[in-house]
Amino acid sequence: MIVAIDGPAASGKGTLARRLAAHYGLPHLDSGLLYRAVAHHVAARGGDLHDPEAATQAARALDAATLGDPALRGRHAGEGASIVSAHPGVRAALLDFQRSFAATPPGAVIDGRDIGTVICPDAEVKIFVTASAEERARRRASELAGRGEPVDQAAILEDIRRRDERDTTRAVAPLKAADDAVTLDTTNLDAEAAFRAALAIVEGNP
Ligand code: C5P
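Residues numbered from 1 in each chain as written. Predicted model: local features only at pLDDT ≥ 70, side-chain atom pairs only at ≥ 80, totals over all residues. Heavy atoms only, no water.

## Considerations on the packing of helix α3 (residues 52-60) against helix α5 (residues 88-103)
Each packed pair of helices is defined by two parameters, the angle between the axes and the distance between the axes. The line we're drawing: Interaxial angles span 0 to 180 degrees and are taken between N-to-C directions of axes, which are lines fitted to C-alpha atoms, for helices over the stretch in contact. Helix and strand labels come from DSSP, where a helix needs a run of H or I of at least four residues and a strand needs a run of E of at least two; each type is numbered from the N terminus. For classification, angles of less than 35 degrees are called roughly parallel, those exceeding 145 degrees roughly antiparallel, those between 65 and 115 degrees roughly perpendicular, and all remaining angles oblique. Any pair of residues with heavy atoms lying within 4.5 Å of one another is described as a contacting pair. Residue polarity is assigned by list, with Asp, Glu, Lys and Arg as charged and Ala, Val, Leu, Ile, Met, Phe, Trp, Tyr, Cys and Pro as nonpolar; anything else, Gly included, falls into the polar class.
Where α3 meets α5, the closest approach of the two axes is 8 Å, and the angle between their N-to-C directions is 5 degrees. Of the possible angle classes, the one that applies to α3 and α5 is roughly parallel. Judged by residue contacts, Ala55, Thr56, Ala59 and Arg60 of α3 engage Gly89, Val90, Ala93 and Leu94 from α5. Partitioning the contact of α3 with α5 into residue classes produces 5 nonpolar, 2 polar and 1 charged.

## Thoughts on the sheet that holds strand β3 (residues 108-112)
Quick note on the threshold: Pairing between strands is defined by DSSP: at least two bridges between the two strands are required.
Spatially, β2-β3-β1-β4-β5 is the arrangement adopted by the 5 strands of the open sheet, whose pairing is parallel. A single partner strand is all that each edge strand has here, and the edge strands are β2 (28-30) and β5 (182-185). Strand-to-strand, the axes of this sheet are offset by a mean angle of 20 degrees, without reference to chain direction. Across 4 bridges, strand β4 (residues 125-130) lies against β5 in parallel orientation. Residue pairing for β5: threonine 130 is matched across the bridge by aspartate 185. Of the strands in this sheet, β1 (2-6), β2 and β3 touch α5, which is tilted by about 150 degrees from β3.

## So, the packing of aromatic side chains
Put simply, the test is: The aromatic pairing rule takes the rings of Phe, Tyr and Trp, using the six-membered ring of Trp, and pairs them if the centres are within 6.5 Å, calling planes under 30 degrees apart stacked, those over 60 edge-to-face and the rest tilted.
One pass over the structure, following the stated rule, counts 1 aromatic pair. Ring geometry for phenylalanine 97 versus phenylalanine 101: centroids 6.5 Å apart, planes at 45 degrees, classification tilted. With a gap of 4 residues between them, phenylalanine 97 and phenylalanine 101 both fall in helix α5, about one helical turn apart.

## Considerations on the UniProt feature "binding site: ATP" (unreviewed entry) in the protein chain
Quick note on the threshold: UniProt positions are given in the numbering used here, feature names are shortened, and annotations may be inferred rather than shown by experiment.
With numbering aligned to this structure, UniProt lists the feature "binding site: ATP" (unreviewed entry) at Gly7, Pro8, Ala9, Ala10, Ser11, Gly12, Lys13, Gly14 and Thr15. Structurally, alanine 9 can be placed in the loop between β1 and α1 (13-24). Beyond its immediate sequence surroundings of up to four residues, alanine 9 is in contact with Arg113, Arg136, Ile160, Arg163 and Asp164.

## A closer look at the site of the ligand
As a reminder, the rule being used: To be near a molecule or strand, a residue needs just one of its heavy atoms within 4 Å of it. Residues adjacent in sequence count toward polar contacts only when both atoms are side-chain atoms; beyond that, a polar contact is any pair of N or O atoms within 3.5 Å, and within protein one must be able to donate a hydrogen and the other to accept it.
Taken together, 15 residues lie near the ligand, and Arg36, Arg91, Arg113, Arg163 and Asp167 sit nearest. Taking arginine 113, its side chain carries an N or O atom lying 2.9 Å from an oxygen atom of the ligand. Partitioned by chemical class, the residues of the shell around the ligand number 2 nonpolar, 5 polar and 8 charged.

## As for helix α2 (residues 32-44)
What counts here: Expected helix span is given by 1.5 Å per residue-to-residue step, counting one fewer step than there are residues. Type-normalised accessible area, obtained with a 1.4 Å probe on protein chains alone, sets the label of each residue: buried when under 20%, exposed when over 50%, and partly exposed for intermediate values.
Taking 1.5 Å per residue, 13 residues should reach 18 Å; α2 reaches 18 Å between its end C-alpha atoms and fits that length. Every buried residue of α2 is accounted for by Leu33, Leu34, Tyr35, Arg36, Ala37, Val38, Ala39 and Val42. Contacts made by the buried residues of α2 are with β2, α3, α4 (75-84), α5, α7 (133-146) and α8 (153-169). Backbone geometry just after α2 places glycine 46 at a positive phi near 70 degrees.

## Things to note about the side chain of aspartate 114
Following the sequence through the fold, aspartate 114 ends up in the loop between β3 and α6 (115-119). Taking the relative accessible area as the measure of exposure, aspartate 114 reaches 3% and is therefore buried. Residues in contact with aspartate 114, not counting those within four places in the same chain, are Asp6, Arg91, Ile119 and Ala173.

## Re the pattern of salt bridges
Here the idea is simple: oppositely charged side chains can pair when their charged atoms come close. Spelled out, the test is: Whenever Lys or Arg places a side-chain nitrogen within 4 Å of a carboxyl oxygen from Asp or Glu, that contact is recorded as a salt bridge.
Under the definition given, this model contains 19 salt bridges. Between arginine 166 and glutamate 79 there is a salt bridge, with the nearest N and O atoms lying 3.2 Å from each other. In this pair, arginine 166 is assigned in helix α8 and glutamate 79 in helix α4, connecting sequence segments 87 residues apart. Overall, arginine 166 belongs to the partly exposed group, its relative accessible area being 25%. The class of glutamate 79 is buried, set by a relative accessible area of 17%.

## Remarks on the UniProt feature "domain: Cytidylate kinase" (unreviewed entry) in the protein chain
Here, UniProt's "domain: Cytidylate kinase" (unreviewed entry) annotation points to residues 3-194. Measuring from the first to the last C-alpha atom of residues 3-194 gives 15 Å, for a span that is 52% helix and 11% strand.

Put into structure tokens, the structure is as follows:
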């Protein structure tokens, strides 16, 4: 079974994907980490994130063993990821890794922006997770605070809006719900309620 979970930054899709994966005993791939790792790699070498060549080269050289690096979870990597992810060469370089992850039995839960539309268009289950920008900013702020990172609410909201804008308007694989995805709005749901709603979708009773 392949479960594709897409949605904007801080919509709760990562938490949901992890819980669904544990529940069904499936491996989980957070595809955002791939783009974060590419941005981190380019920035660490003093490269320009807007340079498609540098970013594509970093994507081709990506080592999946580095995806556990805590630096990838920070704000800078996320911001950088939304820049490098717009380069078609970067997306092409990361395609095979994601598809073979999905194709390996027993399947997978993968979360990202284009999983249901581009990476796994034939996924058995597609969920598009949304929440208001304000609620997502609030969640991101408490996540950062929990990790001891500085929190500036207004900057975080602005960050989220800028990322939404970039992710939805880029030419390749823009963030959007697949035609056959079920939309799950988590603005007024806590993690537990969102999980139960997602289970109902997977089981075919949304
Ligand atoms: O999900 P996360 O916030 O970690 O993603 C970081 C950035 O990586 C996103 O803003 C988006 O630009 C990019 N991304 C993407 N396609 C995916 C996953 C992430 O373009 N499947």
